[in-house]
Amino acid sequence: QQQVKQSPQSLIVQKGGISIINCAYENTAFDYFPWYQQFPGKGPALLIAIRPDVSEKKEGRFTISFNKSAKQFSLHIMDSQPGDSATYFCAAQGWSSDMRFGAGTRLTVKP
Amino acid sequence: DAGVIQSPRHEVTEMGQEVTLRCKPISGHNSLFWYRQTMMRGLELLIYFNNNVPIDDSGMPEDRFSAKMPNASFSTLKIQPSEPRDSAVYFCASSRVSGGGANEQFFGPGTRLTVL
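Everything quoted here is computed from the prediction, not taken from an experiment. Chains are numbered independently. Their residues run from 1 in the order of the written sequence. Whichever chain is written first is A, and whichever ligand is written first is 1; the rest continue in order. Confidence filtering applies because this is a predicted model: local features only for residues at pLDDT of at least 70, side-chain atom pairs given and counted only at 80 or more, and all residues used for totals across whole chains, interfaces and linings. The basis for every side-chain value is the complete set of non-hydrogen atoms in the structure, without hydrogens or water.

(A) Representation of unusual backbone geometry. A cis amide bond links S7(B) with the next residue in sequence, P8(B), at an omega value of -10°. Numbering of helices and strands runs from the N terminus; a helix is a DSSP stretch of H or I covering at least four residues, while a strand is a stretch of E covering at least two. Mapped onto the fold, P8(B) is located in the loop between strand 1 (5–7) and strand 2 (10–13). Note the cis peptide between Q80(B) and P81(B), where omega equals -5°. Take P81(B): it is sitting in the loop between strand 8 (74–79) and strand 9 (88–95). Although it is not a glycine, K71(A) adopts a positive phi angle of roughly 55°. Along the chain, the position of K71(A) falls in the loop between strand 7 (62–67) and strand 8 (72–77). Judged by relative accessible area, which is 28%, K71(A) ranks as partly exposed. With phi around 50°, N51(B) is a residue other than glycine that occupies positive phi space. On the secondary structure map, N51(B) appears in the loop between strand 5 (42–50) and strand 6 (53–56). Buried means the residue's accessible area, taken with a 1.4 Å probe over protein chains only, is under 20% of the maximum for its type, while exposed means over 50%, and partly exposed covers the values in between.

Here's what the structure looks like:
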């Protein structure tokens, strides 16, 4: 099932630093690329999403960068806070296909 | 507004027993997804429904797993007989899919299943 590769598996960042998580996909039919955030004991929740007609989308401290030709996209968390500590999943979905999730990145932001 | 509702939140059962997980999607959503999450395999799609019809069940591990959606507001995932390797967190998610293609999926809180 794995059509979306995510790295790193885990990430430790100091408070105030930048967290960067990368994903690569294979299927060129994908046209929706969301990032989900999951806290322990909770279900994943949508954080931010992008469609391939733009190369970047920013919402507050969270930015998605999208490179269609390289089939890669990344999540940048600026000014990382301890409350951002969670597991982050990238995903990709096409118009007529189900959503494929990356393996997840466990982010720890140290105070 | 109520989100996706799953029950039970925790289930502990013995190998060989039947397990039924329940899901109530968000009202007005027309797609429903069942996922399984484990440390080893991450988040796996088991099956999804569109307008109560199963569209893709290729992720269902084996015949011991079955899912139904008798109406727009209820779905079940059944495991019979259960095995220890079925231990995982099972998530239900729903979305409203329109002609514009993919949309946000809203996840429930999950059911943590432990099979002894």
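Once you've had a look at it, read on.
(B) Region of the structure containing the side chain of Q37(B). Relative to the helices and strands, Q37(B) is located in strand 4 (residues 31–38). Under this definition, polar contacts are N or O atom pairs within 3.5 Å; protein pairs additionally need one hydrogen-donor-capable and one acceptor-capable atom, and for neighbouring residues in sequence, both atoms have to be side-chain atoms. A distance of 2.9 Å separates a polar atom in the side chain of Q37(B) from a polar atom in the side chain of Q38(A). Residues count as neighbours in contact if any of their non-hydrogen atoms are within 4.5 Å of one another. Look past the residues within four positions of Q37(B) in its chain and what remains in contact with it is Q38(A), F89(A), G42(B), L43(B), A88(B), V89(B) and F91(B).

(C) Spatial organisation of the pattern of salt bridges. By definition, a salt bridge exists where a carboxyl oxygen of Asp or Glu is found within 4 Å of a side-chain nitrogen of Lys or Arg. This model, assessed by the stated rule, comprises 10 salt bridges over all chains. Between D84(A) and R61(A) there is a salt bridge; the shortest N-O distance is 2.8 Å. A residue pair is termed long-range when its members are at least 10 positions apart, and D84(A) in the loop between strand 8 and strand 9 (86–94) and R61(A) in the loop between strand 6 (56–59) and strand 7 qualify at 23 residues. A salt bridge links E44(B) to R36(B), with the shortest nitrogen-to-oxygen separation between them at 3.2 Å. Per residue, the accessibility class of E44(B) equals that of R36(B), and both read buried. Three or more residues joined by partner-sharing salt bridges are found here, namely E62(B), R64(B), E83(B), R85(B) and D86(B).

(D) Seen up close, the sheet that holds strand 6 of chain A. Residues and elements named next belong to chain A. Taken in spatial order, the 5 strands line up as 1-3-8-7-6 in an open sheet, and their pairing is antiparallel. The two strands at the open ends of the sheet, each matched to only one other strand, are strand 1 (4–7) and strand 6. Ignoring which end each strand starts from, the neighbouring axes of this sheet average 15° apart. Pairing geometry for strand 6 and strand 7, over 4 bridges, is antiparallel. Across the sheet, the residue bridging to E56 is S65, located in strand 7. Think of it this way: DSSP has to see at least two bridges between two strands before they count as a pair. Only C-alpha atoms enter the line fits that serve as axes; for helices the fit covers just the stretch in contact. Angles between N-to-C directions range over 0 to 180 degrees.

(E) Expanded view of the environment of T87(A). All names here are of chain A. Along the chain, the position of T87 falls in strand 9. T87 sits in the buried class, given a relative accessible area of 19%. As a C-alpha pair, T87 and R106 span 19 residues in sequence and 4.3 Å in three-dimensional space. If we skip the residues at most four places from it in the chain, T87 touches Y36, Q37, Q38, G104, T105 and R106.

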